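# Fold and contact review
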Amino acid sequence: MAVQTVGIIGAGQMGNGIAHVFALAGFDVLMNDISRDALDRALSQIEKNLDRQVSRDKISADEKKAALDRIKTTLTLSDLGQTDLVIEAATERETVKQAIFEDLVPHLKPNTILTSNTSSISITRLASRTDRPEKFMGFHFMNPVPIMQLVELIRGIATDQATYETLHAVVEKLGKTAASAEDFPAFIVNRILMPMINEAVYTLYEGVGNVKSIDESMKLGANHPMGPLELADFIGLDTCLAIMNVLHDGLADTKYRPCPLLTKYVEAGWLGRKTGRGFYDYRGETPVPTR
Ligand SMILES: CC(=O)CC(=O)SCCNC(=O)CCNC(=O)[C@H](O)C(C)(C)COP(=O)(O)OP(=O)(O)OC[C@H]1O[C@@H](n2cnc3c(N)ncnc32)[C@H](O)[C@@H]1OP(=O)(O)O
Ligand SMILES: NC(=O)C1=CN([C@@H]2O[C@H](COP(=O)(O)OP(=O)(O)OC[C@H]3O[C@@H](n4cnc5c(N)ncnc54)[C@H](OP(=O)(O)O)[C@@H]3O)[C@@H](O)[C@H]2O)C=CC1
């Protein structure tokens, strides 16, 4: 099936990055969120990121303008019913995602492919709440979307081959690389990455190191581009905790228990960059460790 129009639900950091790369690759994008502010913030973030690409000669000013012209926004979920492909990128909470799919299904044209950018939640379970589990897949982009090469493709138990091939072709049109993962908690990248981040928080909790020494150790000692606590702030501590909970509940193994300090930061509303404070405080000129 040829995909031309793409509906994106959730205009947070992932939704805006996904809209950016699809528009730049020539798809028509309709972005939805429950808040007008979120949609406006997403449009200005996309413009800023496109400007950065223009200033680094990655794209031309005309390509930037054409991409922005291809992005429309709506607060009405049912407007996405006529698109060829829907990518759900709302908050990492199963009840939120289920409610979105249940509200959207009655408005969908028959061939629309449904996907979720979930970091961890069962694709089979989400698909079972729709009228088309055979046309439902996990479509997992990495952050920051305009830069990261990988897209994980996750089939639910009922996903058909045509849907897989359509999404594989879409990934190629975006100039990215697909990796297939089976539908088990947190798939591949987060099954490996998130326990590492959680262990870094335990290392902080137990006083083995402070924020600066933990991040510097992994940057200089293991050549990671960001330290694990800096990366956790970048991803969002609410998302990190949600993923650890899915791993812990889904695999029933204590090795995945979320660090109580991670829970405490989330309970404080210190979610990382997106709220101005997490393992670092971003409210001044330069980030300052909070421990
Ligand atoms: C949680 C999940 O479900 C799955 C996930 O996504 S896990 C997270 C996966 N992501 C990572 O692990 C990211 C690790 N960090 C990095 O790779 C790098 O630190 C980084 C690419 C984010 C920034 O790199 P850097 O060298 O520190 O910064 P900088 O030189 O300014 O930027 C490098 C490039 O990224 C771009 N960039 C940086 N931040 C960006 C952002 N937030 N949005 C878009 N583009 C961004 C820059 O424009 C630059 O682009 P070009 O190379 O095309 O010129
Ligand atoms: N952060 C990351 O590094 C990565 C995240 N992901 C996944 O992508 C998804 C989004 O994450 P991310 O962008 O970081 O999260 P954000 O918190 O940045 O954005 C989520 C957005 O979804 C909105 N939203 C909440 N409920 C609804 C709804 N019912 N309808 C429409 N929009 C809604 C939120 O609005 P409001 O703020 O008003 O609640 C917010 O604007 C999650 O599933 C996450 O696991 C995948 C890869 C990487």
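Residues numbered from 1 in each chain as written. Chains lettered and ligands numbered in written order. Predicted model: local features only at pLDDT ≥ 70, side-chain atom pairs only at ≥ 80, totals over all residues. Heavy atoms only, no water.

### Digging into the overall build of the chain
A tally of helices and strands in the chain yields 11 helices and 10 strands. Taken across its 291 residues, the chain has 49% of its residues classed as buried. Long-range contacts, defined here as pairs at least 24 residues apart, represent 65% of the contacts in the chain between residues at least 6 apart. Here the chain displays about 13,600 Å² of accessible surface, and carbon together with sulfur accounts for 52% of that area. Between the mean site of the 31 positive side-chain charges and the mean site of the 37 negative ones, the chain shows a separation of 3 Å. (Helix = DSSP H or I, 4+ residues; strand = E, 2+ residues; numbered from the N terminus. Buried < 20%, exposed > 50% of the residue type's maximum accessible area, 1.4 Å probe, protein only. Contact = heavy atoms within 4.5 Å. Areas by Shrake-Rupley, 256 points an atom, 1.4 Å probe, with all protein chains shown as cover. Lys, Arg positive; Asp, Glu negative; His and termini not counted. Charge placed at Lys NZ, Arg CZ, Asp CG, Glu CD.)

### A short note on the pattern of salt bridges
As enumerated under the stated definition, the model contains 14 salt bridges in all. Close ionic contact of Arg 129 with Glu 102 constitutes a salt bridge, the shortest N to O distance being 2.8 Å. With Arg 129 in the loop between α5 (123–127) and β6 (136–141) and Glu 102 in helix α4 (residues 94–104), the pair connects residues that are 27 residues apart, well separated along the chain. A salt bridge links Arg 283 to Asp 281; its shortest N-O distance comes to 2.7 Å. The exposed category is assigned to Arg 283, whose relative accessible area is 54%. Connected through shared salt-bridge partners, Glu 47, Asp 51 and Lys 64 make up one network. (Salt bridge = Lys/Arg side-chain N within 4 Å of Asp/Glu carboxyl O.)

### With respect to the pairing of strand β2 (residues 28–32)
Burial analysis of β2 places 4 of its 5 residues in the buried class, which makes it a mostly covered element. In the sheet, strand β1 (residues 5–9) pairs with β2 via 5 bridges, with the strands oriented parallel. Residue pairing for β2: Ile 8 is matched across the bridge by Met 31. In terms of handedness, the path from β1 via helix α1 (residues 13–24) over to β2 forms a crossover that is right-handed. Alignment of β2 against strand β3 (residues 71–74), held across 4 bridges, turns out to be parallel. By the bridge assignment, Val 29 is partnered in β3 with Ile 71. (Pairing = 2+ DSSP bridges. Right-handed = clockwise from strand over helix to strand, strands pointing away.)

### Points about the confidence of the model for the chain
With 100% of its residues at a pLDDT of 70 or more, the chain has an overall mean of 98. The complex model carries a pTM of 0.97, and its ipTM stands at 0.95. (pLDDT = per-residue confidence, 0-100.)

### Structural notes on the packing of aromatic side chains
We describe a pair of aromatic rings using the distance from one ring centre to the other and the angle between the two ring planes. Within the structure shown, the criterion is met by 8 aromatic pairs. Judged by centre distance (5.0 Å) and plane angle (65°), the rings of Phe 101 and Phe 136 are edge-to-face. Within this pair, whereas Phe 101 is found in helix α4, its partner Phe 136 is found in strand β6, the two being separated by 35 residues in sequence. With respect to class, Phe 101 is no different from Phe 136; both count as buried. Ring plane angle 40° and centroid distance 4.6 Å describe the contact between Tyr 265 and Phe 279, whose orientation is recorded as tilted. In this pair, Tyr 265 is assigned in helix α11 (residues 260–267) and Phe 279 in the loop between α11 and β9 (280–281), connecting sequence segments 14 residues apart. Accessibility classification places Tyr 265 together with Phe 279 in one group, the buried group. Through pairs of rings, three or more aromatic residues link up here, namely Phe 22, Phe 27, Phe 139 and Phe 141. For the cation-ring pair, Arg 155 lies above Tyr 164, with the distance from its terminal atom to the ring centre recorded as 3.9 Å. The ring centre of Phe 27 lies 4.2 Å from the NZ or CZ of Lys 173, which sits over that ring. (Phe/Tyr/Trp six-rings, centres within 6.5 Å; stacked < 30°, edge-to-face > 60°. Lys NZ or Arg CZ within 6 Å of the ring centre and 35° of its normal.)

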